[in-house]
Amino acid sequence: EAQVTQNPRYLITVTGKKLTVTCSQNMNHEYMSWYRQDPGLGLRQIYYSMNVEVTDKGDVPEGYKVSRKEKRNFPLILESPSPNQTSLYFCASSWSEGQPQHFGDGTRLSIL
Amino acid sequence: QKEVEQDPGPLSVPEGAIVSLNCTYSNSAFQYFMWYRQYSRKGPELLMYTYSSGNKEDGRFTAQVDKSSKYISLFIRDSQPSDSATYLCAIPDSNYQLIWGAGTKLIIKP
């Protein structure tokens, strides 16, 4: 089954404690992306990757890092999380940029 | 002005009604248009993907594009309670990154 898998689905943590949200896709997609979704603001892109070792900033990259060492994986790293990063995060993938994206089921992060 | 505008709703209609969901956009160069559906506690899933002006139909769903007015619509016929979800429009920009509407929450009352 074609899918994008995110882990964890839920996480409550404290300010400053580094965390990583993993994302893996099994569709051999070139393009992967991270979004955050906040009430009233919709989906905002954090980072995206057009291929292995190629990443670029989206609209709201501050406080986040990503890496793309393998085609299937695109982890999101919060090195020093702060409460304003409390949000619902989605990973997505597609064959190329501009194409319809497949989404994971989301990771709800709460930073206390 | 945002590049893609969408009324957040909620929009509440009785079962069986025809639903009209809309987005407006500002850049006349946009060429491709997508509609996604997002159920609670799930990721968005692609519903419709259109390129040109006019209508595209898929079962009970019809996507309509009016490039002269920079206006796109999603119609749902014979709406069902299972259609209750948030509907998002998405449009690739000139850099091929998707610009998203804020989403319209739709509630179908049995």
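Below or above, wherever it landed, is the structure these notes cover. (Residues numbered from 1 in each chain as written. Chains lettered and ligands numbered in written order. Predicted model: local features only at pLDDT ≥ 70, side-chain atom pairs only at ≥ 80, totals over all residues. Heavy atoms only, no water.)

A few words on the overall build of chain B. For chain B, the helix and strand inventory stands at zero helices and eleven strands. When the helices and strands of chain B are read in sequence order from the N terminus, they spell out β-β-β-β-β-β-β-β-β-β-β. Its C-alpha atoms give chain B a radius of gyration of 13 Å, near enough to 13 Å, the size a compact globule of 110 residues would have. In terms of principal-axis extent, the alpha carbons of chain B reach across some 40 × 30 × 20 Å. A burial count over chain B gives 43% of its 110 residues as buried. (Helix = DSSP H or I, 4+ residues; strand = E, 2+ residues; numbered from the N terminus. Rg over C-alpha atoms; globule rule 2.2 N^0.38 Å. Buried < 20%, exposed > 50% of the residue type's maximum accessible area, 1.4 Å probe, protein only.)

Okay, the sheet that holds strand β7 (residues 65–66) of chain A next. Residue and element names in this part refer to chain A. If you walk across this open sheet you meet the four strands as β1-β3-β8-β7, and the pairing is antiparallel. Of all strands in the sheet, those with a lone pairing partner are β1 (4–7) and β7, marking the two edges. Taken together, the three bridges between strand β3 (residues 19–25) and strand β8 (residues 76–78) define a ladder with antiparallel strand orientation. Looking across to β8, one finds that L19 is bridged to L78. (Pairing = 2+ DSSP bridges.)

The next thing to look at is the side chain of S87 of chain A. Residue and element names in this part refer to chain A. Among the secondary structure elements, S87 is positioned in strand β9 (residues 87–94). By relative accessible area, which is 4% here, S87 ends up buried. Among the polar contacts made by the side chain of S87, one reaches the main-chain carbonyl oxygen of Q37 at a distance of 3.2 Å. (Polar contact = N/O pair within 3.5 Å; in protein donor to acceptor, adjacent residues only side chain to side chain.)

Here N7 of chain A and P8 of chain A are connected by a cis peptide whose omega angle stands at -5°. With respect to the helices, strands and loops of the structure, P8 of chain A is situated in the loop between β1 and β2 (10–13). For the peptide bond that leads from G9 of chain B to P10 of chain B, omega is 10°, which places it in the cis range. Of note, P10 of chain B is situated in the loop between β1 (4–6) and β2 (11–14). At E53 of chain A, a residue that is not glycine, the phi angle is positive and equals roughly 65°. Topologically, E53 of chain A is positioned in the loop between β5 (42–51) and β6 (54–57).

Turning our attention to the state of the cysteines. All names here are of chain A. Going through the model one piece at a time under the given rule, you end up with two disulfides over all chains. Each sulfur of the disulfide joining C23 and C91 lies 1.9 Å from the other. Negative torsions about the S-S bond denote left-handed disulfides, and the value of about -75° found for C23 with C91 makes this one left-handed. Here C91 lies in strand β9 and C23 lies in strand β3, a separation of 68 residues in the sequence. The class for C23 is buried, based on a relative accessible area of 2%. The class of C91 is buried, set by a relative accessible area of 0%. (Disulfide = S-S within 2.5 Å.)

Let's shift gears to the interface of chain A and chain B. Counting residues at the interface gives 19 residues for chain A, matched by 18 residues for chain B. Between chain A and chain B lies a buried interface of about 1,400 Å² when both sides are counted; carbon and sulfur atoms form 53% of it. Sorting the residues of chain A by area buried against chain B places L43, G98 and P100 of chain A first, and these three jointly supply 30% of that buried surface. Our count for the chain A to chain B interface comes out at one salt bridge. For K42 of chain B, the salt bridge identified is with D105 of chain A, shortest N-O distance 3.3 Å. Across the chain A-chain B interface, the total number found is eight residue pairs in polar contact (both at pLDDT 80 or more). Listing elements by their share of the side of chain A that touches chain B, those giving two or more residues are β4 (31–38) and β5 of chain A. (Contact = heavy atoms within 4.5 Å. Buried area = accessible area lost by both parts, 1.4 Å probe. Salt bridge = Lys/Arg side-chain N within 4 Å of Asp/Glu carboxyl O.)

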